[in-house]
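Each chain, written out:
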Amino acid sequence: MSEKPTKHTKVLIIGSGPAGYTAAVYAARAMLKPMLVAGMQPGGQLTITTDVENYPGFADVIQGPWLMEQMREQARAVGTDLVEDHIQSVNLKSKPFEAIGDGGQKYTADSIIISTGAQARWLNIESEEKFKGFGVSACATCDGFFFKDKTVAVVGGGNAAVEEAMFLTKFASKVKLIHRRNELRAEKLLQKKLMENKKIEIIWDSVVEEVIGDEEPKNVKGLKIKNTKTNEMSELKIDGLFIAIGHDPATSLFKDQLEMDNTGYLITKSDSTETNVPGVYAAGDVKDKIFRQAVTAAGMGCMAALEAEKYLASN
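Residues numbered from 1 in each chain as written. Predicted model: local features only at pLDDT ≥ 70, side-chain atom pairs only at ≥ 80, totals over all residues. Heavy atoms only, no water.

Student: Please give an account of the sheet that holds strand β15 (residues 219-227) that cites residues and values.
Tutor: Within a sheet, adjacent strands bond to each other through the backbone by hydrogen bonds, running parallel or antiparallel. Ordered in space as β14-β15-β16, the 3 strands form an open sheet in which the pairing is antiparallel. Because the sheet does not close on itself, it has two edges, and the strands there are β14 (206-214) and β16 (233-237). Strand after strand, the sheet turns through a mean of 25° between neighbouring axes, direction not considered. Pairing analysis gives 5 bridges linking β15 to β16, with the strands arranged antiparallel. Residue pairing across strands places K226 opposite M233, the latter belonging to β16. (Pairing = 2+ DSSP bridges. Helix = DSSP H or I, 4+ residues; strand = E, 2+ residues; numbered from the N terminus. Axes fitted to C-alpha atoms, helices over the stretch in contact; angles between N-to-C directions.)

Student: Would you mind going over the packing of helix α1 (residues 18-29) against helix α2 (residues 64-77) in detail, with residue names and values included?
Tutor: Across the interface, α1 lies against α2 with an axial gap of 8 Å and an inter-helix angle of 25°. Viewed along their axes, α1 and α2 adopt a mutual orientation that is roughly parallel. As α1 packs across α2, the resulting crossing turns out to be left-handed. Of the residues in α2, those touching α1 at P18, Y21, T22, A24 and V25 are M68, M71, R72, Q74 and A75. (Parallel < 35°, antiparallel > 145°, perpendicular 65-115°, else oblique. Left-handed = near helix turned anticlockwise from the far one by under 90°. Contact = heavy atoms within 4.5 Å.)

Student: So what about the environment of K269? Which residues, and what values?
Tutor: With respect to the helices, strands and loops of the structure, K269 is situated in the loop between β18 (247-249) and β19 (280-282). Of the residues examined, K269 reaches a relative accessible area of 45% and is grouped as partly exposed. Separated by 131 residues in sequence, K269 and A138 have C-alpha atoms that sit 29 Å apart. In this structure the side chain of K269 is engaged in a polar contact, spanning 2.8 Å, whose partner is the side chain of E274. (Buried < 20%, exposed > 50% of the residue type's maximum accessible area, 1.4 Å probe, protein only. Polar contact = N/O pair within 3.5 Å; in protein donor to acceptor, adjacent residues only side chain to side chain.)

Student: Tell me what's going on with the pattern of salt bridges, and back it up with residues and numbers.
Tutor: In the structure shown here, the tally under the stated rule is 13 salt bridges. We note a salt bridge from K130 to E215, for which the minimum N-O separation is 2.7 Å. Of this pair, K130 sits in helix α3 (residues 126-131) while E215 sits in the loop between β14 and β15, and the two are 85 residues apart along the sequence. You can call K130 partly exposed: its relative accessible area is 36%. (Salt bridge = Lys/Arg side-chain N within 4 Å of Asp/Glu carboxyl O.)

Student: Give me the side chain of Q105: which residues, what numbers.
Tutor: By the element assignment, Q105 lies in the loop between β7 (97-101) and β8 (106-114). Engagement of the side chain of Q105 in a polar contact is seen with the backbone oxygen of P5, the distance being 2.9 Å. Apart from residues lying up to four places away in sequence, Q105 is in contact with K4, P5, T6, K7, D85, A99 and I100.

Here it is, written out as structure tokens:
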């Protein structure tokens, strides 16, 4: 088998959510002819999000997959080379930078924009998978609104879980926080606010065993939970379940090559998307564990493309 010829580009964009597509649009309009390698889940987390009501520019509810399709087509229309591949290794010490795809395709690039995103951690039980998007969610900011005057549960014990629970009290009449231990990991100040909130009830030492619901139309009705100390099973009546046990950024590719924090998020310079390697930029959830919104990811994608353009012009 003959080796595939190396593909070279001025700007290689790895990953394809709102950050990657926006970076592509800006880089293409700057006449840099960017190449975007879409990865395993083209479009990213928004492709598993149904109703999107908070993306600016749309008065009516739009669908996550549709929004990503539009961004992809826009990137293509302005001149992005869209590649269906998955990058499995990179070398950021070589000049130009090198990346290798799953099938052995080699890419070289004068600059790289990393927008590989993150994935929410799930409980990984079958019933959770079944009701994802139908009452089971990993994003209160995205879906809390749909649970006005209803009872919801949040699983987790860290800052994210406490923040999600607090946020949900704006809509839900009752929020039950389920934690597998008997104390929370969240900051003390957050814990204090949580304890003072009359709408929140904490269920200690418990794990979710099963999500119960209707088939037609699909919706969540309740949970089976197990006490971790007594193994006793009980049922909870709820209308929605939010999983808040953390996210994993897709950064294993860049281990020992780029600076990361202790949870694997890429570190960039202040007010910039530049990593510790000049010419390599990071945008979206791969570096942002605070906001994690499509609009902030898109904003960073724009920043990364403008910074890459500047870098290329001066080198």
